[in-house]
Amino acid sequence: MSGKFKMIKPAEKPEWWIWKGTKVVKFSCHPDVVDTFIESHMDMYSEQGYEILDCSIEKGSMFASVKLLIRPKRDMKEAKYELIPKAEAQDIKYFMLETLPESIQFFDGQLEGAEQFLSLSLFSVGLKRFTALLPREARETLIRLLEEVDDFNG
């Protein structure tokens, strides 16, 4: 069996492994401690704000190769509040950070997670300061867009 791997636990949901916003993490360990290592990784990733969606395990001649599919947690706190920017800056509470992705990821020409960071930034900076930071052309565009939304909403 040298150099060959034998699948001992295939991915349960192969279609999940191509979702945007997921990551595949890999590690190797002795086959006798695979479950212990997976539990340890589950705890570690949970503390970092991730959940494990699926795993795949292959057994080699001496070690097992484990792949874990993870994504940022979808916390229920996310639905309990909405970040509504006001004219003046507002304080950020720690629980607000817990629902943010750990980082902004670049997928298919898009920045995944950027909108959440932008919402938090506007909440924290305040709309007055934000508009003061914009160049004149951007402020004029923003005014025009806001007027279009008002016209559309009647």
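Here is what the cut-offs are and how they apply
Along each chain, numbering runs from 1 in the same order as the chain's sequence is written. For this predicted model, a pLDDT threshold of at least 70 governs which residues receive local features, and a threshold of 80 or more governs which side-chain atom pairs are given and counted, while totals over whole chains, interfaces and linings are taken from all residues. Only hydrogens and water are removed before side-chain values are computed, so all heavy atoms of the structure are retained for them. Helix and strand assignments follow DSSP, with helices taken as H or I runs no shorter than four residues and strands as E runs no shorter than two, numbered in order from the N terminus. Burial status follows relative accessibility: with a 1.4 Å probe on protein chains alone, a residue under 20% of its type maximum counts as buried, one over 50% as exposed, and anything between as partly exposed. In what follows, residue pairs with any heavy atoms lying within 4.5 Å of each other are defined as contacts. Reported accessibility uses the Shrake-Rupley method at a 1.4 Å probe radius. Residues are deemed covered only where the shown protein chains occlude them. Working definition: a ring pair exists when centres of Phe, Tyr or Trp rings (six-membered ring for Trp) sit within 6.5 Å. Plane angles under 30 degrees give stacked, over 60 give edge-to-face, the rest tilted. What a helix should span is 1.5 Å times the count of its residues minus one. The arc under discussion is defined with respect to the helix axis, by the directions toward the C-beta atoms. We call two strands paired when DSSP finds no fewer than two bridges between them. Every angle, taken between N-to-C directions, lies between 0 and 180 degrees, and every axis is a line fitted to C-alpha atoms, over only the stretch in contact when it is a helix. By definition, a salt bridge exists where a carboxyl oxygen of Asp or Glu is found within 4 Å of a side-chain nitrogen of Lys or Arg.

Undergrad: Help me understand the overall build of the protein, please; the structure alone is not making it clear to me.
TA: Within the protein one finds 6 helices and 6 strands. Order of helices (α) and strands (β) in the protein, N terminus to C terminus: β-β-α-β-β-α-α-β-β-α-α-α. In the protein, which comprises 154 residues, the proportion classed as buried is 24%. In the protein, of all internal contacts separated by at least 6 residues, the share reaching a separation of at least 24 is 61%. Of the roughly 11300 Å² that the protein leaves accessible, carbon and sulfur atoms contribute 55%.

Undergrad: Looking at this model, I keep getting lost on the packing of aromatic side chains. Mind explaining?
TA: Any aromatic ring pair is given by two values, namely how distant the centres are and how the planes are angled relative to each other. Scanning the entire structure with this criterion turns up 2 aromatic pairs. Their ring planes at 85 degrees and their centres at 6.3 Å tell us that Tyr 45 and Tyr 50 sit as a pair that is edge-to-face. On the basis of relative accessible area, Tyr 45 is assigned to the buried category, the value being 13%.

Undergrad: I'm lost on the side chain of Ser 56 in this one. Help?
TA: By the secondary structure assignment, Ser 56 is in strand 3 (residues 50–59). We classify Ser 56 as buried; its relative accessible area is 10%. Discounting chain neighbours no more than four positions away, the residues touching Ser 56 are Met 7, Lys 9, Ala 11, Trp 17, Ser 65, Val 66 and Lys 67.

Undergrad: In this structure, what is going on with helix 1 (residues 34–47)? I would like to understand it.
TA: Think of an α-helix as 3.6 residues a turn; residues three or four steps apart then line up on the same face. With 14 residues, helix 1 should reach 20 Å at 1.5 Å per residue; the first-to-last C-alpha distance of 20 Å fits that figure. Looking only at helix 1, the buried set comprises Val 34, Ile 38, His 41 and Tyr 45. The buried side chains of helix 1 occupy one side of the element, clustering within an arc of 65 degrees when seen end-on. Of the exposed residues in helix 1, the ones pointing more than 90 degrees away from its buried face are Asp 35, Thr 36, Glu 39 and Glu 47. Turning to helix 1, the residues buried within the fold contact strand 2 (23–29), strand 3 and strand 4 (64–72).

Undergrad: Would you explain the side chain of His 41 in this entry?
TA: Along the chain, the position of His 41 falls in helix 1. Apart from residues lying up to four places away in sequence, His 41 is in contact with Phe 27, Ile 52 and Leu 68.

Undergrad: Looking at this model, I keep getting lost on the sheet that holds strand 4. Mind explaining?
TA: Strand order in this open sheet of 4 strands is 1-3-4-2, and the pairing throughout is antiparallel. In this open sheet, the two strands that pair with only one neighbour each are strand 1 (6–9) and strand 2. Looking at each pair of strands side by side, their axes are set apart by 30 degrees on average, direction ignored. Where strand 3 and strand 4 come together, 9 bridges link them in antiparallel fashion. Each residue of the ladder has a partner; that of Ser 56, found in strand 4, is Lys 67. Against the sheet, helix 1 touches strand 2, strand 3 and strand 4, its axis set at about 155 degrees to strand 3.

Undergrad: I would appreciate a short explanation of the pattern of salt bridges in the present structure.
TA: As a working rule, side chains carrying opposite charge can pair if their charged atoms are close by. Considering all chains together, one arrives at 5 salt bridges under this definition. Lys 9 is paired through a salt bridge with Glu 12; the nearest N and O atoms lie 3.5 Å apart. The class for Glu 12 is exposed, based on a relative accessible area of 60%. Residue Asp 54 is joined to Lys 9 by a salt bridge in which the shortest nitrogen-to-oxygen separation is 3.8 Å. Note that Asp 54 is positioned in strand 3 and Lys 9 in strand 1, a separation of 45 residues in sequence. A network of salt bridges, in which partner residues are shared, links Lys 9, Glu 12 and Asp 54.

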